[in-house]
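# Secondary and tertiary structure notes
The lines below spell out each chain.
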Amino acid sequence: MTYVPPSQHLSPESEKAEYDKHQNSPDDAGYRKFLSRLFIPLQERLSPGSHGLDFGSGPGPTLSLMFEEAGHQVGLFDPFYAPDTQTLQGHYDFITASEVLEHLHDPAAELALLWSLLRPGAWLGIMTKLALDQSAFSRWHYKNDPTHVCFFSLQTMEWLAEKWQTEVQTIGKDVFLFQKSFWQ
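Report on the accompanying structure. Note that the structure is predicted; figures quoted are calculated from it, not measured.

Here the focus is the overall build of the chain. Counting secondary structure elements, the chain contains six helices and eight strands. Against the globule reference of 16 Å for 184 residues, the chain gives a C-alpha radius of gyration of 16 Å, in line with a compact fold. Each principal axis of the C-alpha distribution contributes one length, and for the chain these read about 45 × 35 × 30 Å. Taking all 184 residues of the chain together, the buried fraction comes to 45%. Sequence separation of 24 or more characterises 69% of the internal contacts of the chain that already satisfy a separation of 6 or more. Taken as a whole, the chain presents about 9,400 Å² of accessible surface, with 54% of it coming from carbon and sulfur. Once the 13 positive and 23 negative side-chain charges of the chain are each reduced to a mean point, those two points are 5 Å apart.

Turning to the layout of surface pockets, a few remarks are in order. The space that makes up the largest pocket amounts to roughly 750 Å³. Those elements that place two or more of their residues in the lining of the largest pocket are helix H1 (12–19), helix H2 (29–43), strand S2 (51–55) and helix H4 (107–117). The biggest single contributor to the lining of the largest pocket is H2, with three residues. Considered class by class, the residues forming the lining of the largest pocket number 17 nonpolar, 11 polar and seven charged. Space inside the second largest pocket adds up to approximately 170 Å³.

Attention now moves to unusual backbone geometry. Positive phi, close to 55°, is recorded for Glu99, a residue that is not glycine. With respect to the helices, strands and loops of the structure, Glu99 is situated in the loop between strand S4 (92–98) and H4.

Let us now look at the pairing of strand S8 (residues 175–179). In terms of burial, S8 is a largely internal element, four of the five residues being buried. The pairing of strand S5 (residues 118–127) with S8 spans five bridges and is antiparallel. Bridged to Trp123 within S8 is Gln179. Here strand S7 (residues 168–171) runs beside S8; their pairing, made up of four bridges, is antiparallel. Bridge assignment links Ile171 to a residue of S8, and that residue is Val175. In this antiparallel pair of consecutive strands, S7 and S8, the connection spans three residues, and Gly172 shows a positive phi of 65°.

Our focus in this paragraph is the pattern of salt bridges. Tallied over the entire structure, the rule returns five salt bridges. One salt bridge in this structure joins Arg37 and Asp174, with 2.2 Å as the shortest N-O distance. Note that Arg37 is positioned in helix H2 and Asp174 in the loop between S7 and S8, a separation of 137 residues in sequence. Residue class for Arg37 comes out partly exposed when judged on its relative accessible area of 35%.

We now examine the environment of Glu110. Tracing the chain through its elements places Glu110 in helix H4. The contacts of Glu110, once residues within four sequence positions are left out, are Leu104 and His105. Within polar-contact distance, the side chain of Glu110 engages the backbone nitrogen of Asp106 at 2.9 Å.

Pairing is mixed across the open sheet formed by six strands, whose spatial order is S3-S2-S4-S5-S8-S7. Each of the sheet's edge strands pairs with one partner strand only, and the pair in question is strand S3 (73–77) and S7. With strand direction ignored, the average angle separating the axes of adjacent strands in the sheet is 20°. The pairing of S2 with S3 spans five bridges and is parallel. Residue pairing in the sheet places His51 in a bridge with Gln73 of S3. Against the sheet, H4 touches S2, S4, S5 and S8, its axis set at about 135° to S5. Strands in contact with helix H6 (residues 154–163) are S5, S7 and S8; relative to S8, the strand with the most contacts, it is inclined by about 10°.

Each value, and the rule that gives it
- Residues numbered from 1 in each chain as written.
- Predicted model: local features only at pLDDT ≥ 70, side-chain atom pairs only at ≥ 80, totals over all residues.
- Heavy atoms only, no water.
- Helix = DSSP H or I, 4+ residues; strand = E, 2+ residues; numbered from the N terminus.
- Rg over C-alpha atoms; globule rule 2.2 N^0.38 Å.
- Buried < 20%, exposed > 50% of the residue type's maximum accessible area, 1.4 Å probe, protein only.
- Contact = heavy atoms within 4.5 Å.
- Areas by Shrake-Rupley, 256 points an atom, 1.4 Å probe, with all protein chains shown as cover.
- Lys, Arg positive; Asp, Glu negative; His and termini not counted.
- Charge placed at Lys NZ, Arg CZ, Asp CG, Glu CD.
- 1 Å grid on protein atoms, 1.4 Å probe; cavity = no way out; pocket = protein on both sides within 12 Å on 5 of 7 lines; lining within 4 Å.
- Points joined across faces, edges and corners; volume = space filled by probe spheres on them.
- Nonpolar A, V, L, I, M, F, W, Y, C, P; charged D, E, K, R; others polar.
- Pairing = 2+ DSSP bridges.
- Salt bridge = Lys/Arg side-chain N within 4 Å of Asp/Glu carboxyl O.
- Polar contact = N/O pair within 3.5 Å; in protein donor to acceptor, adjacent residues only side chain to side chain.
- Axes fitted to C-alpha atoms, helices over the stretch in contact; angles between N-to-C directions.

Scope: geometric values only; no functional claims are made or implied.
Written as structure tokens, this is what we have:
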């Protein structure tokens with residue numbers, strides 16, 4: 001994992017100003033198609049009427065709406081747009097973090113929190129672009145976004161799976177599913 005030093009992070013006000021520029025909307029078919037890369041494989045693994053959390057839901061929550069349309073209940077948490085910390089007290093059948101990991105300022109603590117909120121047998125669904133290697137990283141446009149401070153690799157995902165005593169299911173290039181064991 002590559003991490004930007006905190007001294008180079010944006011202030012919360014500047015970070016939010018960047019996010020306010022995003023034009024993500026539930027009415028945008030292209031955005032829904034993009035999110036379907038995480039939605040479809042996770043939805044296939046869920047029991048009907050599951051209870052989930054969209055972590056880092058952003059200014060135009062859409063993934064949560066897609067799960068609700070499929071019959072699930074979904075809470076929202078976003079430090080800027082849905083800062084209800086009560087949602088971080090519950091336990092869930094699934095948690096999504098779509099295009100979120102790259103924004104985590106304390107990835108160890110935040111991922112540990114998410115894992116702790118999962119019920120036994122529950123799923124954590126992540127969508128993020130991966131850093132490939134040092135040479136590719138130097139030319140990678142993704143690192144130029146000033147809100148991106150944390151860059152994961154496939155090895156990071158495998159390390160998380162080992163730490164959580166599970167396996168990572170990789171779907172395409174940027175979707176990662178982790179199932180919490182029933183004995184955890």
